[in-house]
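# Fold and geometry: a report
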Amino acid sequence: MATTLLSIQVIPKTPNGEDSIPYVDKAIEVIQRSGVKYEVHALETTLEGELPELLDIVRQMHEALTEAGAPSVISQIKIAHYPSPDGISMERLTAKYRP
């Protein structure tokens, strides 16, 4: 069982004021390549795993966006960390709301 949920919203500044969605797509590609469990939502993406691994993915996302030309990136991050043997999961927290 994972010990951490991390939700992230990346807000890249674009070089010439163009649409930020292609940059957000690049950030999500980093998550997809990582192999961690994740869910993309309208305003943020939630990842499930171990805290050091998830923080490294955040670093990789920022690096990918700056390498793609974003002059700066702001991320809003929420972390729920449960280091007990029971851990935490997206399913367990949201089961009663799922059809």
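Residues numbered from 1 in each chain as written. Predicted model: local features only at pLDDT ≥ 70, side-chain atom pairs only at ≥ 80, totals over all residues. Heavy atoms only, no water.

Taking an unreviewed UniProt entry as the reference, the chain is identified by name as Thiamine-binding protein belonging to Saccharibacillus sacchari.

In this section: a negative patch on the surface. A surface patch of negative charge is lined by Glu18, Asp19, Asp25 and Glu29. With respect to the helices, strands and loops of the structure, Asp25 is situated in helix α1 (residues 21-34). (Patch = residues over 30% accessible without salt bridge, like charges linked within 9 Å, V, L, I, M, F, W, Y side chains within 5 Å. Areas by Shrake-Rupley, 256 points an atom, 1.4 Å probe, with all protein chains shown as cover. Salt bridge = Lys/Arg side-chain N within 4 Å of Asp/Glu carboxyl O. Lys, Arg positive; Asp, Glu negative; His and termini not counted. Charge placed at Lys NZ, Arg CZ, Asp CG, Glu CD. Helix = DSSP H or I, 4+ residues; strand = E, 2+ residues; numbered from the N terminus.)

Tallied over the full model, the rule gives five salt bridges. Of the charged contacts, one joins Glu91 and Lys37 as a salt bridge, the two residues approaching to 2.6 Å between their closest N and O atoms. Of this pair, Glu91 sits in helix α3 (residues 90-94) while Lys37 is found in strand β2 (residues 37-40), placing the two residues 54 residues apart along the sequence. We classify Glu91 as partly exposed; its relative accessible area is 30%. (Buried < 20%, exposed > 50% of the residue type's maximum accessible area, 1.4 Å probe, protein only.)

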